[in-house]
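Listed here are the chains, written in short residue letters.
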2 protein chains.
Amino acid sequence: MNYPSGIMKKTTRISHANRGMGLESDINITNKYYLDNNIAVVHKRPTSITIKKVEYPNNKYTKITDGYFKAASTTDYNGLYKGYYIDFEAKETTSKTSFPLSNIHSHQLKHISNIINHGGIAFLIVRFSKLNKTYAINGNFVLEKIKIKKSIPISDFETFGELLKEAYQPRLDYIKVIEKYIKELQYEKHN
Amino acid sequence: MNYPSGIMKKTTRISHANRGMGLESDINITNKYYLDNNIAVVHKRPTSITIKKVEYPNNKYTKITDGYFKAASTTDYNGLYKGYYIDFEAKETTSKTSFPLSNIHSHQLKHISNIINHGGIAFLIVRFSKLNKTYAINGNFVLEKIKIKKSIPISDFETFGELLKEAYQPRLDYIKVIEKYIKELQYEKHN
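Presented here is a report on the structure given in the accompanying data block. (Residues numbered from 1 in each chain as written. Chains lettered and ligands numbered in written order. Predicted model: local features only at pLDDT ≥ 70, side-chain atom pairs only at ≥ 80, totals over all residues. Heavy atoms only, no water.)

1. Digging into the relation of the copies chain A and chain B
Then, number 1: Rotating chain A by 180° and moving it 0.0 Å along the rotation axis overlays it on chain B with an RMSD of 0.0 Å. A rotation of that kind, with that shift, is consistent with a two-fold axis. Among all residues of chain A, the one whose C-alpha sits closest to the rotation axis is A:T65, at a distance of 2.2 Å.
Then, number 2: In this assembly, 98% of the residues forming the interface of chain A have copies in chain B that are likewise at the interface, indicating an isologous arrangement. (Least-squares fit on C-alpha atoms with pLDDT ≥ 70 in both. Contact = heavy atoms within 4.5 Å.)

2. Description of the sheet that holds strand 5 (residues 84–93) of chain A
Adjacent strands of a sheet pair through backbone hydrogen bonds, lying either parallel or antiparallel.
Residue and element names in this part refer to chain A.
Then, number 1: Strand order across the open sheet formed by six strands is 1-4-5-7-8-10, with mixed pairing between neighbours. Two strands close off the open sheet at either side, each with one partner strand: strand 1 (41–44) and strand 10 (162–163).
Then, number 2: Here strand 5 runs beside strand 7 (residues 121–128); their pairing, made up of eight bridges, is parallel. Across the sheet, E92 pairs through a bridge with R127, a residue of strand 7. (Pairing = 2+ DSSP bridges. Helix = DSSP H or I, 4+ residues; strand = E, 2+ residues; numbered from the N terminus.)

3. A closer look at the packing of aromatic side chains
Then, number 1: Taken as a whole and judged by the stated rule, the model has 27 aromatic pairs over all chains.
Then, number 2: Look at A:Y61 and B:Y68: their rings are 6.2 Å apart centre to centre, the planes differ by 85°, and that puts the pair in the edge-to-face class. Remark: B:Y68 occurs in strand 3 (residues 63–69) and A:Y61 occurs in the loop between strand 2 (49–55) and strand 3 (63–69); the pair is interchain, linking two chains.
Then, number 3: Using a relative accessible area of 29% as the deciding quantity, one classes A:Y61 as partly exposed.
Then, number 4: Residue classification places B:Y68 among the partly exposed residues on the basis of a relative accessible area of 30%.
Then, number 5: Ring plane angle 80° and centroid distance 6.2 Å describe the contact between A:F128 and A:Y135, whose orientation is recorded as edge-to-face. (Phe/Tyr/Trp six-rings, centres within 6.5 Å; stacked < 30°, edge-to-face > 60°. Buried < 20%, exposed > 50% of the residue type's maximum accessible area, 1.4 Å probe, protein only.)

4. Quick look at the interface of chain A and chain B
Then, number 1: Contact with chain A, which involves 45 residues of that partner, is made by 44 residues of chain B.
Then, number 2: For the chain A face of the interface with chain B, the top three residues by lost area are A:I64, A:L80 and A:H118, together amounting to 17%.
Then, number 3: Applying the counting rule to chain A against chain B returns zero salt bridges.
Then, number 4: Seen at the junction of chain A and chain B, the total is seven residue pairs in polar contact (both at pLDDT 80 or more).
Then, number 5: Counting residues per element, the ones that place at least two in the side of chain A that touches chain B are helix 1 (7–15), strand 1, strand 2, strand 3, strand 4 (77–81) and helix 3 (106–117) of chain A.
Then, number 6: Per-element tally for the side of chain A that touches chain B: the top contributor is strand 3 of chain A, with seven residues.
Then, number 7: Here strand 3 of chain A pairs with strand 3 of chain B via four bridges, running antiparallel. Counted as the bridge partner of A:Y68 is B:K63 from strand 3 of chain B. (Buried area = accessible area lost by both parts, 1.4 Å probe. Salt bridge = Lys/Arg side-chain N within 4 Å of Asp/Glu carboxyl O. Polar contact = N/O pair within 3.5 Å; in protein donor to acceptor, adjacent residues only side chain to side chain.)

5. A few points about the pattern of salt bridges
Residue and element names in this part refer to chain A.
Then, number 1: Considering all chains together, one arrives at 24 salt bridges over all chains under this definition.
Then, number 2: Here R171 and D26 are joined by a salt bridge, their closest N and O atoms 3.2 Å apart. Taken together, the residues span a long stretch of sequence, with R171 in the loop between strand 11 (165–166) and strand 12 (172–173) and D26 in helix 2 (residues 22–36) at a distance of 145 residues.
Then, number 3: Judged by its relative accessible area of 27%, R171 falls in the partly exposed class.

6. Details of the nonpolar core
Then, number 1: Among the nonpolar cores identified, the biggest contains 42 residues, and A:F99, A:L124, A:F157, B:F99, B:L124 and B:F157 are the most heavily contacted of them.
Then, number 2: A:F99 has contacts with A:K91, A:T93, A:I104, A:L124, A:V126, A:F128, A:S151, A:I152 and A:F157, leaving out every residue within four places of it along the chain. (Core = buried A, V, L, I, M, F, W, Y, C linked by side-chain atoms within 4.5 Å.)

7. Concerning helix 6 (residues 175–190) of chain A
An α-helical turn contains 3.6 residues, so any two residues separated by three or four positions project in the same direction.
All names here are of chain A.
Then, number 1: The terminal C-alpha atoms of helix 6, which comprises 16 residues, lie 23 Å apart, in line with the 22 Å expected from a rise of 1.5 Å per residue.
Then, number 2: Among the residues making up helix 6, those that are buried are I175, V177, I178, Y181, I182 and L185. Relative to the axis of helix 6, the buried residues are bounded by an arc of 145° and lie together on one face. Turned more than 90 degrees off the buried face of helix 6, the exposed positions are K176, K183, Y187 and H190. (Expected span 1.5 Å × (residues − 1). Arc of directions from axis to C-beta.)

8. Examining unusual backbone geometry
Then, number 1: Look at the link from A:Q169 to A:P170: it is a cis peptide, with omega at -15°.
Then, number 2: Structurally, A:P170 can be placed in the loop between strand 11 and strand 12.
Then, number 3: Positive phi values are uncommon outside glycine, yet A:N38 reaches one of about 60°.
Then, number 4: Take A:N38: it is sitting in the loop between helix 2 and strand 1.
Then, number 5: The backbone of B:K82 shows a phi angle near 50°, a positive value even though the residue is not glycine.
Then, number 6: Judged by its relative accessible area of 53%, B:K82 is exposed.

9. Comments concerning helix 3 of chain A
All names here are of chain A.
Then, number 1: Across its 12 residues, helix 3 extends 16 Å between first and last C-alpha, which sits within 8% of the 16 Å expected from 1.5 Å per residue.
Then, number 2: Within helix 3, burial applies to Q108, L109, H111, I112, N114 and I115.
Then, number 3: Just beyond helix 3, the residue with positive phi is G119, at close to 90°.

10. Some points on the pairing of strand 7 of chain A
All names here are of chain A.
Then, number 1: Across the eight residues that make up strand 7, a large majority, eight, are buried.
Then, number 2: Alternating residues of strand 7 divide into I121, F123, I125 and R127 and A122, L124, V126 and F128, and every residue in both groups is buried.
Then, number 3: With six bridges joining them, strand 7 and strand 8 (residues 133–138) adopt antiparallel strand pairing. Residue pairing for strand 8: I125 is matched across the bridge by A136.
Then, number 4: The hairpin formed by strand 7 and strand 8 contains four residues between the paired strands, and N132 there has a positive phi angle of roughly 60°.

Encoded structure:
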């Protein structure tokens with residue numbers, strides 16, 4: 001089937017709405033924790049939707065009766081940490097051996113490249129659901145890798161990525177990774 | 001009528017889709033210019049929508065048949081300029097004398113406050129449509145003002161805000177204002 005980006009995820013999310021499972025849910029809970037504890041301000045970008053028709057069932061609200069999902073032109077999350085702009089995309093894969101880069105669309109790669117060029121921090125959070133492991137990997141690494149390969153092997157995540165700690169609070173602690181990226185960014189600036 | 005935030009704007013936008021008028025359109029065109037010319041990366045956050053029902057008319061796409069608008073919990077725009085996180089809300093008013101602060105919701109004010117506390121740049125772009133003038137005004141100023149007044153008089157925009165130049169390209173040049181905010185931010189850091 002020929003769904004544009006993210007559709008399967010979204011429709012899945014609708015039916016599983018109350019289960020609160022999955023990477024997206026973990027990140028949203030983590031972001032709320034960071035916000036409530038004054039650590040970082042990171043929000044999920046709402047899904048882009050084109051609205052074709054609305055109705056007014058009563059005076060209280062507007063009902064969308066015809067709309068469709070648009071392909072994402074940016075990443076899922078962005079925000080602010082210690083004055084630094086951060087931007088990331090979150091993906092799950094059922095593969096046990098590698099993350100297929102076809103999961104990241106060309107306009108999203110362009111966006112990651114733009115963020116890096118303008119002095120921001122861009123990365124991916126990738127969950128290998130069958131391995132029960134979630135990694136962060138630098139956007140720079142992804143942009144270099146995609147020039148030569150169609151996927152990133154798990155060994156690359158182990159070597160060049162950062163395994164994210166999962167716990168009760170914060171659910172998926174990715175701030176330490178950003179601390180590392182900030183150091184790298186400052187190193188590049190001064191060298 | 002009891003519409004949540006932004007609804008009137010969105011429904012208006014649907015019927016006027018091809019006219020390309022209004023502040024939102026001007027900012028979107030400006031953002032595209034900034035992106036294409038490698039000046040800044042600023043995107044409009046999509047409107048937050050809760051989807052209640054979808055259908056699959058054929059194998060090609062998912063149709064939203066029941067959904068509604070959610071109140072915005074952040075601002076309309078955010079992005080990155082020279083390594084700085086920027087965040088702003090855009091509003092139009094038909095008033096010739098003042099901008100009513102009831103246009104900015106409490107969760108948006110909290111968001112502006114969060115952005116400033118975490119070292120980002122937050123501001124409003126306000127168009128006085130009947131005066132044909134568009135100003136930027138610092139988030140800090142708005143947060144202070146709302147403690148004592150219910151609106152910001154036009155004289156405050158003239159004195160403390162920045163009149164934005166409107167032209168063919170860029171349509172609404174707000175980058176110079178950000179340059180000013182960056183200088184202020186750096187001054188605060190070092191004093």
